[in-house]
Amino acid sequence: MSVQEQSSEEPGGASTEEPAPAGAHPRSLAEDLRARDDSSLSALLRARPDLITPVPTDLTQLATRAGTRASVIRALERLDRFALQTAEALAVAPEPAPYGTLRDLLAGDGHDPVIVEALPRAVAVLREQALVWGSDDRLRLVRTARELLAPSPQHPSPTGLGPTVAEATTGMSPGRIQELLTTAGLPTTHDAVSAVESLTGLFTDRARMSALLGTAPPDSLEVLSRLVWGPPYGQVTADPATRLRWLLDRGLLLPTAPGTVVLPREVALHLREGRAHQRTEPLPPPVEPTSVHRPQVVDSTAAGQAYTALATVEELLKDWDEGGPSALRAGGLSVRDLKRTAMALDVPEPVAAFWVELAYAAGLLAPDGEADERYAATPAYDEWLELPAAERWTRLATAWLSATRTAGVVGGRDTKERTLAALGPGLDRSAAPEVRHRVLSLLAALPEGGSTSPDALVARLHWERALRGAASTDDLRSRIARWTLTEAESLGITGRGALSAHGRALMGAPPGAPAPASVSVSATVPGPGPGPGDKLPVHHRHPHHPVPAPDPRSPAEVASAAALAGRLLAPLLPEPLDHVLLQADLTAVAPGPLRRPLADVLDVLADVESKGGATVYRFTPGSVRRALDAGRSASDLQAFLTAHSRTPVPQPLAYLIDDVARRHGHLRIGAASAYVRCDDDAVLNEIIADKRSQGLRLRRLAPTVLAAQADPATLLEGLRAMGFAPAAESAEGDVLITRALAHRTPPRTAPEPVPDGPPSPDTTLLGAAIRAIRAGDLASTTPRKPSGSGSAGSAGSSDSGSGLSGGGRNGALPRTTSAETLATMQAAVLTGGTLWIGYVNAEGSASQRVIAPVRVEGGFVTAYDHTADEVRTYPLHRVTGVAELADEAELADEQA
């Protein structure tokens, strides 16, 4: 992208001059906006919502804001490739440029019919977004956009064009310019300006230019062919070769600096047959299906992945139930904790980062806020667990769609070369929701069961956001698109690369129907055929040229779509079971997902050995003791297994439970530092005699009591490691039941997505904003009646420091005395007239308003304020002055 400083005054800049007469060409962008209707202004503010934050006071300020560098860059970034190429062509065209000139630059001498047909849409888009203004025969690119897109040596244009002959010969001696004319076979002129015009005329005349190049040596033409598509600059020595000398003598190459030459723009355009771009792309790359699967296969595959997603999130938060890993001081998980989480979930680390971030985005996971901060489940997780499986999935899917936190960047580096950690700061990428929504919308436009290649999707995204995507296949948007495909498959939104039925419903597209992507509007279409200003229906949001948005739906529409997706998914998910199959090898097989009470008890009573379509649990002495510690008795466990097993309880499992229960609690441990007591003194003798007990530093207090210097928890674990089954007891001698108490954070809200700029305004806000802008413009442009004292008219030179960005003539507030203000107000009440006033509020901010006074009394005026579109009351002492508005007859006399 090139940036070129231009000193010429921009005709499209903000202006406070009077409106141009009807039928005349607009002299500024403000005048162009003033001629638009409300629907056109609404389209502008929807496309560029930054212009309405805050609401401009009038159309002059709106035009000024639309020409600021930040706003123009943002608008250019949201153009598709052909609209951007159209703007780039205007940046290298003479200003103002007729529509025919623009068409020739894009379609070339051959007038490619596809480009000619697509050009009106591109011009309409640029006009709608106030990047281009003017009539068809005088198209102008706003100055800031021209500065950004025009070629310069430091920042070459994507067109590959160099400076014009006039720009390249700036500073060249008049004598040298005359020599160029003579060598090129042109007559000399009386000055350098006419000489440059003569040389330019030669280079832009197709016939004469072809004749000149017909006499060129083949080696010279080969030099031109290397420069024609850019970059247009080359290096030469102090004594150029003959082939270069022939070009330099005729101005086909012009020196720009010692040792550097450039191919003039006019010469390059002749060699390109008039094209500004080597490859003009009027149509987006097609997204075609590479394979088509049966919809039933896609839906069942996606449903299986959706079930796995729910199980993975549950497993993650169950693993962190008693408090997860500690938070780093800067926030986030350490690399070691992420590795441990990945091992616990049996997935690679990037996948573990995705699941952790997904739970965080859904509000199921958060830091607990304690001094030694750790991550844990939130109270919302317990509510989430009670929901039906399909509803739990929609919570995850909708959170993922709108989240700006991007798990794919975990492990990368920020601008300060610090590693980006999962759950840490710096993971928000505001483009992520838009890219996810667009990728899924493109998949929804394919036939049911159709999948496409990631490269095709990336190419389409590059075309739709040409400036952001650039030409790289590894830019952020491309990487987010590829991550989207992987994450959507993991979540079960897609199956085998194709969008599932519930995925289509989630996007708002009913099964079998492509997502809506076009809006038909009416716009002024330039070009051959229709006359200037003719109104024709133009699909400037063509079905092939959708305007991407993060999610144009309202929250109610999103919730309705999510509910439909859940209803479509529910029949595809397996029904939870209330039984397992006990086996003689001390294992239990769950042939599917288990109902919540059964799953919770089995998680305590047995260890998970393997997962998959069926989960295998293994019973061990440690797992049985864990259930006994939780307050279950041996008979309770036997009865539970009998009730929930489709097979009889195997004898080895019954023996294991009875054996562990018989020894469980035989030893009692309490706090002395700690003690051990047992009614069987032989057991205590065995413990003291065991060498492994030396670290516990035990000593006998009584025949049935041992004291230890270790704490109770250490003593408990030490004796269990020795093969005993002790139980903890309270100070009253009761057995302590150790339940797995779930650690929860205080109530937390899910992280808010970071918006990619101001949100798009709704219809109500747009209507109010346009009314305010129109009223403010009326106040700034309506002619005033001459003031008898001349004080209102003199304000133009004395009130330049009022701070107003748009005012009356010269931006000044009216100035009248208090007596004149009161008399004019009272007269307007009697005549029903409309006045222009200057007003300073309590904060000292000055503004101008158009009011129709209704009542004047007690130092206040009550009036209908056209600027605010409501009745208001103003203190008279805050009115700086007042002026009557000219009526239609006076306005006609003034214009005459």
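In case you missed it, the structure is sitting above this.
Predicted model only: the values in this text are computed from it and were never measured.

Rules of the game
- Residues numbered from 1 in each chain as written.
- Predicted model: local features only at pLDDT ≥ 70, side-chain atom pairs only at ≥ 80, totals over all residues.
- Heavy atoms only, no water.
- 1 Å grid on protein atoms, 1.4 Å probe; cavity = no way out; pocket = protein on both sides within 12 Å on 5 of 7 lines; lining within 4 Å.
- Points joined across faces, edges and corners; volume = space filled by probe spheres on them.
- Helix = DSSP H or I, 4+ residues; strand = E, 2+ residues; numbered from the N terminus.
- Nonpolar A, V, L, I, M, F, W, Y, C, P; charged D, E, K, R; others polar.
- Salt bridge = Lys/Arg side-chain N within 4 Å of Asp/Glu carboxyl O.
- Buried < 20%, exposed > 50% of the residue type's maximum accessible area, 1.4 Å probe, protein only.
- Axes fitted to C-alpha atoms, helices over the stretch in contact; angles between N-to-C directions.
- Parallel < 35°, antiparallel > 145°, perpendicular 65-115°, else oblique.
- Left-handed = near helix turned anticlockwise from the far one by under 90°.
- Contact = heavy atoms within 4.5 Å.
- Core = buried A, V, L, I, M, F, W, Y, C linked by side-chain atoms within 4.5 Å.

A. Structural context of empty space enclosed by the protein. Taken as a whole and assessed by the stated rule, the structure comprises 3 cavities of 30 Å³ or more. Volume-wise, the largest cavity comes out at about 90 Å³. Lining of the largest cavity is provided by F354, E357, L358, A361, W400, A403, R405, T406, A407, R436 and E487. Broken down by element, the lining of the largest cavity gets its largest block of residues, 4 residues, from helix α18 (residues 349–361). In terms of residue class, the lining of the largest cavity is built from 6 nonpolar, 1 polar and 4 charged.

B. Structural context of the pattern of salt bridges. Scanning the entire structure with this criterion turns up 36 salt bridges. R418 is the salt-bridge partner of D414, the closest N and O atoms lying 3.0 Å from each other. Residue R418 is classed as partly exposed on the basis of its relative accessible area of 49%. Ionic contacts of the salt-bridge type, sharing partners, join the residues R78, E434, R465 and R477 into one network.

C. Looking closely at unusual backbone geometry. Residue T53 is joined to P54 through a cis peptide bond whose omega torsion reads -5 degrees. Between G230 and P231 the backbone carries a cis peptide bond, its omega angle lying at -5 degrees. The topology assignment puts P231 in the loop between α13 (218–227) and β3 (233–235). At L423, a position not held by glycine, the phi torsion is positive, near 65 degrees. Mapping L423 onto the fold places it in the loop between α20 (389–402) and α21 (432–444). Overall, the relative accessible area of 7% leaves L423 in the buried class. With a phi angle near 60 degrees, R496 is a residue other than glycine that sits in the positive phi range. Note that R496 resides in the loop between β10 (494–495) and β11 (498–499).

D. Seen up close, the packing of α20 against helix α26 (residues 555–569). Closest axis-to-axis distance for the α20/α26 pair is 9 Å, and the angle between their directions is 135 degrees. By the angle between their directions, the pair α20 and α26 is classed as oblique. Here α20 runs over α26; the crossing is right-handed. On the side of α20, the interface is formed by A390, W393, T394 and T398, while α26 contributes A562, A565, G566 and L569.

E. Representation of the nonpolar core. The biggest cluster of nonpolar side chains holds 90 residues, and the ones touching the most others in it are L33, F203, L252 and L253. With 8 residues, helix α5 (residues 81–92) is the largest single contributor of residues to this core. Those residues in contact with L253 that sit more than four places away from it in its chain are V223, L224, L227, L244, L247, L248, V261, V262, L263 and P264.

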